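A closer look at the structure
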Amino acid sequence: MINTAARAALPDLAEMELADLEQFLAGLGEGRFHARQIYRWAYKRGVTDFHLMSDLSKTLRASLDTGLVLSTPRIVGRDRSSDGTEKFVLEVGPDGGTARRIESVFIPETPAMTFCVSTQVGCAMGCAFCLTGKMGLVRNLTAGEIVGQVRVLAETLALRDTRFNIVLMGMGEPLHNYDETMKALRILANASGLAISPRRVTLSTVGVVPGLDRLTTEPMMPNLAISLHATTEEQRSRLVPLNRKYRIEDVLAACRRLPVKRRDRITFEYVLLDGVNDAPDDARRLVRLLQGIRAKVNLIPLNEAAGIPFGRPADHRVDAFAQILADHRVTVSVRKSRGRDIRAACGQLIVEGQQRSPGQRLASAMSSALSPAGADA
Ligand code: SF4
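Everything quoted here is computed from the prediction, not taken from an experiment.

With respect to the site of the ligand
- Around the ligand, the structure places 12 residues, and the nearest of them are Cys123, Met125, Cys127, Cys130 and Gly133.
- Looking at the shell around the ligand, its residues break down into 6 nonpolar, 5 polar and 1 charged.

This is the structure in C-alpha coordinates:
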(Lines give C-alpha, C1' and ligand atoms only; values in the text may rest on other atoms or scores of the structure.)
Protein backbone atom coordinates (compact mmCIF):
# COMPACT_ATOMS: atom_id res chain seq x y z
CA MET A 1 0.00 0.00 0.00
CA ILE A 2 1.52 3.32 -1.06
CA ASN A 3 1.40 6.08 1.57
CA THR A 4 0.01 9.61 1.07
CA ALA A 5 3.39 11.38 0.94
CA ALA A 6 4.75 8.95 -1.67
CA ARG A 7 1.50 9.30 -3.67
CA ALA A 8 1.84 13.11 -3.71
CA ALA A 9 5.24 12.73 -5.40
CA LEU A 10 3.86 10.63 -8.29
CA PRO A 11 3.30 12.05 -11.80
CA ASP A 12 -0.18 13.52 -12.17
CA LEU A 13 -2.39 12.58 -15.11
CA ALA A 14 -4.28 15.88 -14.63
CA GLU A 15 -1.13 17.78 -15.64
CA MET A 16 -0.37 15.63 -18.71
CA GLU A 17 -1.11 16.51 -22.29
CA LEU A 18 -1.74 13.43 -24.41
CA ALA A 19 1.89 13.34 -25.64
CA ASP A 20 3.14 13.43 -22.01
CA LEU A 21 0.94 10.46 -21.16
CA GLU A 22 2.15 8.57 -24.24
CA GLN A 23 5.72 9.12 -23.11
CA PHE A 24 4.88 8.00 -19.57
CA LEU A 25 3.34 4.79 -20.93
CA ALA A 26 6.36 4.16 -23.16
CA GLY A 27 8.49 4.44 -20.01
CA LEU A 28 6.39 1.65 -18.49
CA GLY A 29 7.00 -0.47 -21.59
CA GLU A 30 3.33 -0.10 -22.59
CA GLY A 31 1.83 0.93 -25.92
CA ARG A 32 1.40 4.64 -26.51
CA PHE A 33 -2.11 4.01 -27.86
CA HIS A 34 -3.33 3.37 -24.30
CA ALA A 35 -3.03 7.12 -23.70
CA ARG A 36 -6.18 7.77 -25.72
CA GLN A 37 -8.06 5.09 -23.78
CA ILE A 38 -6.99 6.59 -20.46
CA TYR A 39 -7.89 10.11 -21.62
CA ARG A 40 -11.34 8.84 -22.67
CA TRP A 41 -11.92 7.28 -19.25
CA ALA A 42 -10.74 10.32 -17.30
CA TYR A 43 -12.31 13.08 -19.39
CA LYS A 44 -15.21 11.60 -21.36
CA ARG A 45 -16.47 9.19 -18.69
CA GLY A 46 -15.29 10.94 -15.53
CA VAL A 47 -13.58 7.82 -14.14
CA THR A 48 -10.76 8.66 -11.72
CA ASP A 49 -10.02 5.14 -10.40
CA PHE A 50 -7.54 3.38 -12.71
CA HIS A 51 -8.88 -0.04 -11.59
CA LEU A 52 -12.23 0.81 -13.22
CA MET A 53 -10.67 1.41 -16.66
CA SER A 54 -11.87 -1.95 -17.84
CA ASP A 55 -10.46 -2.01 -21.38
CA LEU A 56 -6.89 -1.83 -19.99
CA SER A 57 -5.07 -4.98 -18.95
CA LYS A 58 -5.00 -5.77 -15.25
CA THR A 59 -1.22 -5.36 -15.28
CA LEU A 60 -1.44 -1.87 -16.75
CA ARG A 61 -4.19 -0.88 -14.32
CA ALA A 62 -2.03 -2.01 -11.41
CA SER A 63 0.99 -0.10 -12.79
CA LEU A 64 -1.11 3.05 -13.16
CA ASP A 65 -2.47 2.68 -9.64
CA THR A 66 1.01 2.61 -8.13
CA GLY A 67 2.75 4.93 -10.58
CA LEU A 68 0.29 7.74 -11.41
CA VAL A 69 -2.30 9.92 -9.69
CA LEU A 70 -5.22 11.92 -11.04
CA SER A 71 -5.69 15.03 -8.90
CA THR A 72 -9.17 16.50 -8.85
CA PRO A 73 -10.28 19.68 -7.06
CA ARG A 74 -12.56 18.96 -4.09
CA ILE A 75 -15.91 20.72 -3.67
CA VAL A 76 -16.01 22.39 -0.26
CA GLY A 77 -18.91 24.78 -0.86
CA ARG A 78 -21.81 25.11 -3.24
CA ASP A 79 -24.47 27.84 -3.50
CA ARG A 80 -27.40 28.06 -5.89
CA SER A 81 -28.88 31.40 -6.91
CA SER A 82 -32.60 31.97 -7.47
CA ASP A 83 -31.72 32.42 -11.20
CA GLY A 84 -30.10 28.95 -11.43
CA THR A 85 -26.50 30.18 -11.32
CA GLU A 86 -24.35 28.00 -9.07
CA LYS A 87 -21.13 28.96 -7.35
CA PHE A 88 -18.68 26.25 -6.33
CA VAL A 89 -15.87 26.72 -3.84
CA LEU A 90 -13.15 24.23 -4.75
CA GLU A 91 -10.04 23.25 -2.88
CA VAL A 92 -6.77 22.59 -4.71
CA GLY A 93 -3.37 21.68 -3.39
CA PRO A 94 -2.31 21.23 -0.70
CA ASP A 95 0.78 23.39 -1.16
CA GLY A 96 3.06 22.28 1.61
CA GLY A 97 0.10 21.48 3.84
CA THR A 98 -2.07 24.51 2.92
CA ALA A 99 -5.06 23.79 0.72
CA ARG A 100 -6.03 26.71 -1.53
CA ARG A 101 -9.58 27.67 -2.37
CA ILE A 102 -10.89 28.99 -5.65
CA GLU A 103 -14.32 29.66 -7.07
CA SER A 104 -15.95 28.42 -10.27
CA VAL A 105 -19.41 29.37 -11.47
CA PHE A 106 -22.01 27.56 -13.56
CA ILE A 107 -24.26 29.90 -15.52
CA PRO A 108 -27.21 28.20 -17.23
CA GLU A 109 -28.88 29.39 -20.43
CA THR A 110 -26.61 32.19 -21.63
CA PRO A 111 -28.06 30.90 -24.11
CA ALA A 112 -25.68 27.93 -23.87
CA MET A 113 -24.49 26.48 -20.58
CA THR A 114 -21.37 28.29 -19.42
CA PHE A 115 -18.66 27.40 -16.91
CA CYS A 116 -16.72 30.35 -15.53
CA VAL A 117 -13.38 29.08 -14.22
CA SER A 118 -10.42 30.57 -12.36
CA THR A 119 -6.82 30.67 -13.56
CA GLN A 120 -5.15 31.91 -10.36
CA VAL A 121 -5.75 31.87 -6.61
CA GLY A 122 -6.47 35.58 -6.14
CA CYS A 123 -5.14 38.12 -8.63
CA ALA A 124 -2.26 40.59 -8.78
CA MET A 125 -4.02 43.12 -10.99
CA GLY A 126 -5.87 44.96 -8.22
CA CYS A 127 -8.74 46.38 -10.29
CA ALA A 128 -10.54 48.92 -8.13
CA PHE A 129 -14.02 47.45 -8.62
CA CYS A 130 -13.17 43.76 -8.09
CA LEU A 131 -13.13 41.77 -4.87
CA THR A 132 -10.72 39.14 -6.24
CA GLY A 133 -8.17 41.91 -6.76
CA LYS A 134 -8.33 42.62 -3.03
CA MET A 135 -6.94 39.13 -2.30
CA GLY A 136 -3.66 39.84 -4.09
CA LEU A 137 -2.06 36.96 -5.97
CA VAL A 138 -1.67 33.86 -3.82
CA ARG A 139 -0.45 31.57 -6.61
CA ASN A 140 -1.00 30.50 -10.19
CA LEU A 141 -3.19 27.50 -10.87
CA THR A 142 -1.70 24.62 -12.82
CA ALA A 143 -3.21 23.48 -16.11
CA GLY A 144 -4.59 20.43 -14.30
CA GLU A 145 -6.29 22.62 -11.72
CA ILE A 146 -7.82 24.82 -14.43
CA VAL A 147 -9.11 21.80 -16.38
CA GLY A 148 -10.03 20.11 -13.08
CA GLN A 149 -12.67 22.78 -12.43
CA VAL A 150 -14.31 21.88 -15.74
CA ARG A 151 -14.16 18.15 -14.93
CA VAL A 152 -15.71 18.69 -11.50
CA LEU A 153 -18.52 20.96 -12.72
CA ALA A 154 -19.35 18.72 -15.70
CA GLU A 155 -19.46 15.65 -13.45
CA THR A 156 -21.37 17.24 -10.57
CA LEU A 157 -23.95 18.87 -12.82
CA ALA A 158 -24.26 15.76 -15.04
CA LEU A 159 -23.28 17.84 -18.09
CA ARG A 160 -20.43 15.71 -19.41
CA ASP A 161 -22.44 14.84 -22.51
CA THR A 162 -23.81 18.35 -22.98
CA ARG A 163 -22.27 21.11 -25.05
CA PHE A 164 -21.10 23.96 -22.85
CA ASN A 165 -18.93 27.05 -23.16
CA ILE A 166 -16.06 28.07 -20.94
CA VAL A 167 -15.14 31.60 -19.90
CA LEU A 168 -11.82 32.30 -18.21
CA MET A 169 -13.35 35.07 -16.15
CA GLY A 170 -13.16 33.65 -12.64
CA MET A 171 -10.37 34.53 -10.26
CA GLY A 172 -7.15 35.70 -11.84
CA GLU A 173 -5.72 37.21 -15.02
CA PRO A 174 -5.24 34.34 -17.51
CA LEU A 175 -2.42 36.02 -19.43
CA HIS A 176 -0.53 36.50 -16.15
CA ASN A 177 -0.48 32.68 -16.01
CA TYR A 178 0.07 32.26 -19.73
CA ASP A 179 1.77 28.85 -20.03
CA GLU A 180 -0.56 26.94 -17.72
CA THR A 181 -3.64 28.60 -19.23
CA MET A 182 -2.64 27.65 -22.78
CA LYS A 183 -1.72 24.14 -21.70
CA ALA A 184 -5.18 23.85 -20.09
CA LEU A 185 -6.78 24.90 -23.40
CA ARG A 186 -4.83 22.20 -25.25
CA ILE A 187 -5.94 19.53 -22.73
CA LEU A 188 -9.56 20.71 -22.97
CA ALA A 189 -9.44 20.59 -26.77
CA ASN A 190 -8.04 17.07 -27.08
CA ALA A 191 -10.39 14.95 -29.17
CA SER A 192 -9.95 11.91 -26.92
CA GLY A 193 -10.89 14.01 -23.90
CA LEU A 194 -13.46 16.75 -23.46
CA ALA A 195 -12.96 17.97 -27.06
CA ILE A 196 -13.83 21.57 -26.23
CA SER A 197 -12.72 23.67 -29.16
CA PRO A 198 -11.05 27.02 -28.38
CA ARG A 199 -13.96 28.59 -30.26
CA ARG A 200 -16.10 27.67 -27.25
CA VAL A 201 -13.64 29.28 -24.83
CA THR A 202 -13.44 33.00 -24.06
CA LEU A 203 -10.33 34.37 -22.38
CA SER A 204 -10.84 37.62 -20.51
CA THR A 205 -7.85 39.91 -19.93
CA VAL A 206 -7.18 43.40 -18.62
CA GLY A 207 -4.65 43.76 -21.43
CA VAL A 208 -1.31 42.10 -20.70
CA VAL A 209 0.22 43.23 -23.99
CA PRO A 210 3.08 40.67 -24.25
CA GLY A 211 0.52 37.92 -23.65
CA LEU A 212 -1.78 39.32 -26.35
CA ASP A 213 1.14 39.39 -28.79
CA ARG A 214 2.13 35.85 -27.86
CA LEU A 215 -1.42 34.67 -28.61
CA THR A 216 -0.81 35.54 -32.27
CA THR A 217 1.73 32.68 -32.40
CA GLU A 218 -0.64 30.05 -30.98
CA PRO A 219 -2.09 27.40 -33.28
CA MET A 220 -5.32 27.57 -31.27
CA MET A 221 -6.66 30.92 -30.18
CA PRO A 222 -9.65 31.33 -27.86
CA ASN A 223 -12.18 34.13 -28.21
CA LEU A 224 -10.98 37.27 -26.50
CA ALA A 225 -12.64 39.66 -24.11
CA ILE A 226 -10.64 42.78 -23.26
CA SER A 227 -11.57 44.44 -19.97
CA LEU A 228 -11.34 48.08 -21.02
CA HIS A 229 -13.60 49.83 -18.47
CA ALA A 230 -12.50 53.39 -19.24
CA THR A 231 -11.88 55.76 -22.12
CA THR A 232 -9.06 58.00 -20.88
CA GLU A 233 -5.63 56.91 -19.71
CA GLU A 234 -6.01 58.77 -16.42
CA GLN A 235 -9.42 57.23 -15.69
CA ARG A 236 -8.29 53.72 -16.62
CA SER A 237 -5.12 53.93 -14.55
CA ARG A 238 -7.29 54.59 -11.50
CA LEU A 239 -9.58 51.63 -12.22
CA VAL A 240 -7.09 49.15 -13.70
CA PRO A 241 -3.58 49.69 -12.23
CA LEU A 242 -1.98 47.66 -15.05
CA ASN A 243 -2.84 50.60 -17.32
CA ARG A 244 0.18 52.43 -15.89
CA LYS A 245 2.32 49.88 -17.74
CA TYR A 246 0.14 48.95 -20.72
CA ARG A 247 -1.90 51.99 -21.65
CA ILE A 248 -5.19 52.00 -23.58
CA GLU A 249 -3.34 52.87 -26.78
CA ASP A 250 -0.92 49.93 -26.26
CA VAL A 251 -3.76 47.47 -25.60
CA LEU A 252 -5.75 48.63 -28.62
CA ALA A 253 -2.65 48.49 -30.82
CA ALA A 254 -2.11 44.87 -29.68
CA CYS A 255 -5.76 44.14 -30.52
CA ARG A 256 -5.21 45.51 -34.01
CA ARG A 257 -2.30 43.07 -34.44
CA LEU A 258 -4.47 40.05 -33.57
CA PRO A 259 -5.68 37.91 -36.46
CA VAL A 260 -9.46 38.19 -36.20
CA LYS A 261 -11.39 36.13 -38.71
CA ARG A 262 -13.96 37.82 -40.93
CA ARG A 263 -16.97 36.83 -38.88
CA ASP A 264 -15.33 37.15 -35.45
CA ARG A 265 -15.07 40.11 -33.15
CA ILE A 266 -13.08 41.00 -30.07
CA THR A 267 -15.34 41.67 -27.10
CA PHE A 268 -14.61 44.77 -25.04
CA GLU A 269 -15.96 44.60 -21.52
CA TYR A 270 -16.90 47.83 -19.86
CA VAL A 271 -18.04 47.85 -16.26
CA LEU A 272 -20.33 50.85 -15.74
CA LEU A 273 -19.67 52.72 -12.49
CA ASP A 274 -22.16 55.35 -11.44
CA GLY A 275 -20.83 58.86 -12.07
CA VAL A 276 -17.33 57.57 -12.91
CA ASN A 277 -17.27 56.25 -16.50
CA ASP A 278 -20.93 56.16 -17.54
CA ALA A 279 -21.41 59.63 -19.09
CA PRO A 280 -22.46 60.19 -22.71
CA ASP A 281 -18.97 61.64 -23.36
CA ASP A 282 -17.44 58.32 -22.22
CA ALA A 283 -19.66 56.47 -24.68
CA ARG A 284 -18.65 58.79 -27.52
CA ARG A 285 -14.93 58.40 -26.65
CA LEU A 286 -15.40 54.63 -26.61
CA VAL A 287 -16.83 54.75 -30.13
CA ARG A 288 -13.77 56.68 -31.32
CA LEU A 289 -11.29 54.36 -29.57
CA LEU A 290 -12.74 51.24 -31.18
CA GLN A 291 -12.71 52.59 -34.72
CA GLY A 292 -11.03 50.12 -37.07
CA ILE A 293 -11.29 47.16 -34.68
CA ARG A 294 -13.77 44.32 -35.25
CA ALA A 295 -15.32 44.92 -31.85
CA LYS A 296 -18.42 44.32 -29.82
CA VAL A 297 -19.00 45.91 -26.45
CA ASN A 298 -20.39 44.17 -23.41
CA LEU A 299 -21.61 46.67 -20.83
CA ILE A 300 -21.59 45.39 -17.24
CA PRO A 301 -23.47 47.55 -14.75
CA LEU A 302 -21.45 47.16 -11.53
CA ASN A 303 -22.33 44.33 -9.19
CA GLU A 304 -22.10 46.24 -5.93
CA ALA A 305 -20.36 44.60 -2.99
CA ALA A 306 -19.21 45.66 0.44
CA GLY A 307 -15.67 46.97 0.16
CA ILE A 308 -16.07 48.22 -3.41
CA PRO A 309 -16.24 52.04 -3.42
CA PHE A 310 -18.46 52.44 -6.49
CA GLY A 311 -22.19 52.33 -7.23
CA ARG A 312 -24.30 50.78 -9.96
CA PRO A 313 -25.69 53.31 -12.45
CA ALA A 314 -29.45 53.74 -12.86
CA ASP A 315 -30.95 51.75 -15.72
CA HIS A 316 -31.68 54.90 -17.76
CA ARG A 317 -27.96 55.81 -17.72
CA VAL A 318 -27.03 52.29 -18.85
CA ASP A 319 -29.63 52.50 -21.65
CA ALA A 320 -28.39 55.93 -22.76
CA PHE A 321 -24.78 54.69 -22.89
CA ALA A 322 -25.78 51.64 -24.92
CA GLN A 323 -27.88 53.76 -27.28
CA ILE A 324 -24.95 56.02 -28.16
CA LEU A 325 -22.87 52.97 -29.10
CA ALA A 326 -25.70 51.46 -31.12
CA ASP A 327 -26.30 54.79 -32.91
CA HIS A 328 -22.67 54.63 -34.06
CA ARG A 329 -23.07 51.05 -35.31
CA VAL A 330 -21.07 49.50 -32.49
CA THR A 331 -22.50 46.09 -31.56
CA VAL A 332 -23.44 46.35 -27.90
CA SER A 333 -25.03 44.17 -25.25
CA VAL A 334 -25.75 44.73 -21.58
CA ARG A 335 -24.73 41.83 -19.39
CA LYS A 336 -27.56 40.53 -17.30
CA SER A 337 -26.22 39.96 -13.80
CA ARG A 338 -26.40 36.37 -12.71
CA GLY A 339 -26.00 35.01 -9.21
CA ARG A 340 -25.76 38.35 -7.39
CA ASP A 341 -27.61 36.88 -4.40
CA ILE A 342 -24.82 34.30 -3.91
CA ARG A 343 -21.96 36.69 -4.77
CA ALA A 344 -21.19 34.76 -7.94
CA ALA A 345 -21.49 37.72 -10.29
CA CYS A 346 -18.65 39.31 -12.18
CA GLY A 347 -16.08 40.88 -9.83
CA GLN A 348 -17.62 39.33 -6.71
CA LEU A 349 -15.45 36.23 -6.41
CA ILE A 350 -13.36 36.11 -3.27
CA VAL A 351 -12.46 33.34 -0.91
CA GLU A 352 -12.38 34.65 2.64
CA GLY A 353 -9.35 33.99 4.80
CA GLN A 354 -6.95 33.59 1.88
CA GLN A 355 -5.93 37.18 1.40
CA ARG A 356 -2.24 37.84 1.45
CA SER A 357 -0.89 39.89 4.31
CA PRO A 358 -0.89 43.69 3.75
CA GLY A 359 2.90 43.52 3.23
CA GLN A 360 2.56 40.84 0.58
CA ARG A 361 -0.23 42.78 -1.12
CA LEU A 362 1.89 45.91 -1.28
CA ALA A 363 4.78 43.97 -2.77
CA SER A 364 2.42 42.39 -5.27
CA ALA A 365 0.87 45.74 -6.23
CA MET A 366 4.30 47.28 -6.67
CA SER A 367 5.58 44.42 -8.76
CA SER A 368 2.48 44.50 -10.94
CA ALA A 369 2.83 48.27 -11.43
CA LEU A 370 6.54 48.17 -12.12
CA SER A 371 6.98 44.93 -14.01
CA PRO A 372 3.73 43.00 -14.20
CA ALA A 373 4.39 39.32 -14.29
CA GLY A 374 2.44 39.41 -17.52
CA ALA A 375 5.65 40.69 -18.95
CA ASP A 376 6.97 37.20 -18.61
CA ALA A 377 4.16 35.99 -20.80
S1 SF4 B 1 -11.14 42.21 -12.67
FE2 SF4 B 1 -9.98 40.37 -13.28
S3 SF4 B 1 -7.90 41.16 -13.60
FE4 SF4 B 1 -8.97 42.72 -12.40
S5 SF4 B 1 -8.50 42.20 -10.23
FE6 SF4 B 1 -10.45 41.19 -10.77
S7 SF4 B 1 -9.85 39.11 -11.41
FE8 SF4 B 1 -8.00 40.39 -11.49
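Focus on helix H12 (residues 315–327)
- For H12, built from 13 residues, the straight-helix expectation of 18 Å at 1.5 Å per residue is met to within 8% by its first-to-last C-alpha distance of 18 Å.
- Phi for Arg329, located one or two positions after H12, is positive at around 60°.

Focus on unusual backbone geometry
- With omega at 5°, the peptide bond leading from Gly93 into Pro94 counts as cis.
- Of note, Pro94 is situated in strand E2 (residues 86–95).
- In the Ramachandran plot, Ala158 falls in the positive-phi region, its phi being about 55° despite a non-glycine side chain.
- Within the element layout of this structure, Ala158 appears in the loop between helix H6 (143–156) and strand E7 (164–168).
- Notably, His229 is not glycine yet its phi reads approximately 70°, a positive angle.

Here's the deal with the pairing of strand E11 (residues 295–301)
- Along E11, 5 of the 7 residues are buried, which leaves the element largely enclosed by surrounding structure.
- One crossover worth recording links strand E10 (residues 266–272) to the parallel E11 by way of helix H11 (residues 280–289), and it is right-handed.
- Bridge count for E11 against strand E12 (residues 331–334) is 4 bridges, and the pairing is parallel. In the strand pairing of E12, Leu299 is matched with Val334.
- Once you follow E11 into H12 and on to E12, the crossover reads as right-handed.

Regarding the packing of H6 against helix H7 (residues 178–189)
- Put simply, H6 and H7 touch, their axes get as near as 8 Å, and they point 45° apart. When the interaxial angle is binned, H6 and H7 end up oblique. Between H6 and H7 lies a crossing of right-handed hand. Contact residues: H6 offers Ala143, Ile146, Val147 and Val150, while H7 offers Glu180, Thr181, Lys183, Ala184, Ile187 and Leu188.
- Residue composition of the contact of H6 with H7, grouped by class: 7 nonpolar, 1 polar and 2 charged.

Looking at H7
- Taking 1.5 Å of rise per residue, 12 residues should cover 16 Å, and H7 covers 17 Å from first to last C-alpha, within 8% of that figure.
- Along H7, the residues classified as buried are Tyr178, Glu180, Thr181, Met182, Ala184, Leu185, Ile187 and Leu188.
- Those residues of H7 that are buried lie in contact with strand E6 (137–140), H6, E7, strand E8 (201–205) and helix H8 (209–215).

Here's the deal with the sheet that holds E7
- Within the open sheet, the 10 strands sit side by side as E1-E2-E3-E4-E7-E8-E9-E10-E11-E12. Their pairing is mixed. Across the chains shown, the open sheet's two edge strands, defined by having one partner strand only, are strand E1 (74–80) and E12. Going across the sheet, the axis of each strand differs from the next one's by a mean of 25°, ignoring polarity.
- Of the pairings in the sheet, the one linking E2 to strand E3 (residues 98–107) comprises 8 bridges and is antiparallel in character. Across the sheet, residue Glu91 finds its bridge partner in E3, namely Arg101.

Observations regarding the pairing of strand E9 (residues 223–227)
- By the bridge criterion, 4 bridges tie E8 to E9 in an arrangement that is parallel. Following the sheet pairing, Ser204 is matched in E9 by Ala225.
- Taken together, E8, H8 and E9 constitute a β-α-β crossover, and its handedness is right-handed.
- Relative to E10, E9 runs parallel, the two sharing 3 bridges. Of the residues in E10, the one forming a bridge with Ala225 is Thr267.

Analysis parameters
- Per chain, residue numbering runs from 1 following the sequence as it is written.
- Per-residue local features are limited, in this predicted model, to residues with pLDDT of at least 70; the limit for side-chain atom pairs, both in listing and counting, is 80 or more; totals at the level of whole chains, interfaces and linings are taken over all residues.
- Residue proximity rests on one test: whether the C-beta atom, placed from the backbone, lies within 6 Å of the molecule or strand.
- Three classes are used: nonpolar for Ala, Val, Leu, Ile, Met, Phe, Trp, Tyr, Cys and Pro, charged for Asp, Glu, Lys and Arg, and polar for all others, with Gly counted as polar.
- Comment: elements are numbered from the N terminus, with helices defined as DSSP H or I runs of at least four residues and strands as E runs of at least two.
- Helix span is expected to be 1.5 Å times the residue number reduced by one.
- Using C-beta atoms placed from the backbone, we call a residue buried if 20 or more other C-beta atoms fall within 10 Å of its own, exposed if 12 or fewer do, and partly exposed for counts in between.
- The path from the first strand over the helix to the second decides the hand: if it runs clockwise while the strands point away from the viewer, the crossover is right-handed.
- If DSSP finds at least two bridges between two strands, the strands pair.
- Every axis in this analysis is a line fitted to C-alpha atoms, fitted for helices over the stretch in contact. Angles between the N-to-C directions lie between 0 and 180 degrees.
- By definition in this entry, angles of less than 35 degrees are roughly parallel, angles greater than 145 are roughly antiparallel, angles of 65 to 115 are roughly perpendicular, and the rest are oblique.
- Handedness of a crossing is defined here by the sense of rotation of the near helix relative to the far one, left-handed for an anticlockwise turn of less than a right angle and right-handed for a clockwise turn.
- Any two residues are considered in contact once their C-beta atoms, placed from the backbone, lie within 7 Å.

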